[in-house]
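# Survey of secondary and tertiary structure
Residues per chain are reported as follows:
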Amino acid sequence: ARAHGLGDICLGAADSDHIFLHHLARCSNMLSRFRAPLARAAAAAPRLARTVTTASVGGYEVFDHSYDAVVIGAGGAGLRAAAGLVGHGLKTACITKVFPTRSHTVAAQGGINGALANMTEDDWRWHAYDTVKGADWLGDQDAIQHMCRLAPEVILELESFGLPFSRTPEGKIYQRAFGGQSLKFGKGGQAYRCAAAADRTGHAILHTLYGMALKFDCLFFVEYFALDLIMSPDGRCLGCIAICMEDGSIHRFGAHSTVIATGGFGRAYQSCTSAHTCTGDGGAMVSRAGLPMQDLEFVQFHPTGIFPAGCLLTEGCRGEGGILRNSEGEPFMARYAPTAKDLASRDVVSRAMTVEIREGRGVGPNKDHIYLHLDHLPPETLAERLPGISETAKIFAGVDVTKEPAPVLPTVHYNMGGIPTNWETQVLKGECGTIVPGLLAAGEASCASVHGANRLGANSLLDLVVFGRQAADTTAKLVKPNSPAVKLPANAGEGTIARMDKLRNAKGSIPTADLRRELQVSMQRYAPVYRNGDDLAKGKSVITDIMKKFKDVGIKDRSMVWNTDLIETLELENLINQAAQEMYGAEARKESRGAHAHENFPDRDDVNWMKHTLSYLDKPHVEDAKVTLKYRQVIDQPLDKEMHHVPPAKRVY
């Protein structure tokens, strides 16, 4: 009544019914005026949806879909790829096991690197130098050049999409200091290169990109769990097979281009900053297809996870002036990194903290953690620049950071390794780098390799946006809009469905949660910040036993509707798949490089080990498989003459 100018009036039941019906009729007449133009617009719009057909495979009804491109994962890389693909006019589906804005990119805090030069002079070549150095010369310099050169452009593109960056007094995008970042090829002091939206940059990027994907009418399959890739006999990727968690229905997606953007496998560890959804699903799908993973032994420990919860306190805390202190109140980083101090590279800071604790200078009753001091900073700065971590510290540590230090400890944070790709995001197989047709990967699931042995802070969000966009651009070169539907073999996915059915009806003696806990504790114990030969050899043996134990896993829920017991078991297999390759790769690498700090081999060995590890499972299922290792050379030359080759040097901060 208010909407039609009747104000707040009291009506009897009969009167109110009469007026309601009268205005319903008026609304219907108003809507009828829009029906014709809406119908004309619908008729003129491109047909984005394909016809869905059904088939029977392995005793299950399967729904078949056909698209130009399919993206698996809806974090930063997946959404940027999806938005780019539909922007190119390609019929695109995005499959995601959680609602897009719940993807783990939402937890990224600090910012996104790019040489915008808003705070000081800057150059993308200085950024590239820092990235090569941060990667401890295991990064591929062609991909690093591509990423750093595009960085200013993609950040301004995000701004044009509506991302609410923090601002300088002049109205420019605010950039903060971050670890491992320098000016003039390491000779010009600290760089201010990290563009930030307070300490919620990942949250801002995720929501912005989701809006862009919706703007171009990408079709989302939300809460669908991707099971496996569909490969042709000649090695081409034809799409994927997935299960709808809501109703248990099984779907095959045929596509000319499949982009994997499923994130890392941080949940292989007991203490990590990763969401519970970070289970390495995309990497495991690639492994089961007989393709390699690259450099999985390189796992980043973030220096400042809240003790003991493990939740992240961004590197931006130290970028804004935070200081790490030991039990003696000493700002100890000056002893380990005299120039950069607390803003040294993450692996350097994590190892320094570990040494302080080992030598008895930890804080707390058990001297088992370190203090991060922010209490010397103005409360207004904390409220403006670090509101999220102030709240996180209060909730998970009971600490008011304006008055007291936060307890922190290095915590598993990021996987530098992943699915091997070239700088155009095309997945590679074998030592020669042969391209797998129809298959691309971007984000933490991939390994381009721009991060090498250690990722610089704030290069992860840049990686997502640059290579998500590149996956769309590469696909657009190879696939034309409205291409004929991919023809899937009649029995495509039959083995995957049989495997899923076997696990759904598994009656083994080991609950999924128990084996997952054993895996996580073992990874934490045998592949920590500092590694040694005895632990890694023992770790290989323990992980091999865990692989075999998977055949004895049992689940209780036999249904197909919201069967979280089944989904967690599928995720556990993916975690074991990735963790085993990490442990074997780490045991084999007889050197210290980046995040792989080997106590028996404390020095970097460029002669024998400046090469990428390629790891394989020789059979699809972990309980039957063995890990095999091969290697391929690092690409140490840039794409073109705009950037000079960065020769190996001693890595000091």
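Values in this document were obtained by computation on a predicted structure and should not be read as measured data.

Turning to the overall build of the chain, a few remarks are in order. On a plain count of helices and strands, the chain comes out with 17 helices and 25 strands. Projected onto the principal axes, the alpha-carbon positions of the chain cover approximately 80 × 60 × 55 Å. Scored against the burial criterion, the 653 residues of the chain give a buried share of 59%. By element, 54% of the accessible surface of the chain is carried by carbon and sulfur atoms, the whole surface being about 25,500 Å². Averaging the locations of the 71 positively and 73 negatively charged side chains of the chain gives two centres separated by 2 Å.

The next thing to look at is the confidence of the model for the chain. Summing up the model confidence of the chain, the mean pLDDT is 92 and the portion of residues at 70 or higher is 92%. Note that residues 1-49 has pLDDT below 50 and, in this model, 18 contacts with residues that lie over four places away or in other chains.

This part takes up the sheet that holds strand S11 (residues 293-294). With antiparallel pairing, the three strands of this open sheet are ordered in space as S11-S24-S25. Across the chains shown, the open sheet's two edge strands, defined by having one partner strand only, are S11 and strand S25 (627-633). Here S11 pairs with strand S24 (residues 611-617) via two bridges, running antiparallel. By the bridge assignment for S24, Gln 294 is matched with Leu 614. Most of the contacts of helix H16 (residues 564-588) go to S25, to which it runs at about 60 degrees, and overall it touches S11, S24 and S25.

Glancing now at the sheet that holds strand S12 (residues 299-306). Read across the open sheet, the four strands follow the order S12-S15-S14-S13; overall the sheet is antiparallel. At either margin of the open sheet sits one strand with a lone partner, and together these are S12 and strand S13 (323-325). Neighbour-to-neighbour, the strand axes of this sheet turn through a mean angle of 45 degrees, independent of strand direction. Pairing analysis gives three bridges linking strand S14 (residues 370-373) to strand S15 (residues 406-415), with the strands arranged antiparallel. From the neighbouring strand, Tyr 371 faces S15, where its bridge partner is Pro 407.

The rules behind the values
Residues numbered from 1 in each chain as written. Predicted model: local features only at pLDDT ≥ 70, side-chain atom pairs only at ≥ 80, totals over all residues. Heavy atoms only, no water. Helix = DSSP H or I, 4+ residues; strand = E, 2+ residues; numbered from the N terminus. Buried < 20%, exposed > 50% of the residue type's maximum accessible area, 1.4 Å probe, protein only. Areas by Shrake-Rupley, 256 points an atom, 1.4 Å probe, with all protein chains shown as cover. Lys, Arg positive; Asp, Glu negative; His and termini not counted. Charge placed at Lys NZ, Arg CZ, Asp CG, Glu CD. pLDDT = per-residue confidence, 0-100. Contact = heavy atoms within 4.5 Å. Pairing = 2+ DSSP bridges. Axes fitted to C-alpha atoms, helices over the stretch in contact; angles between N-to-C directions.

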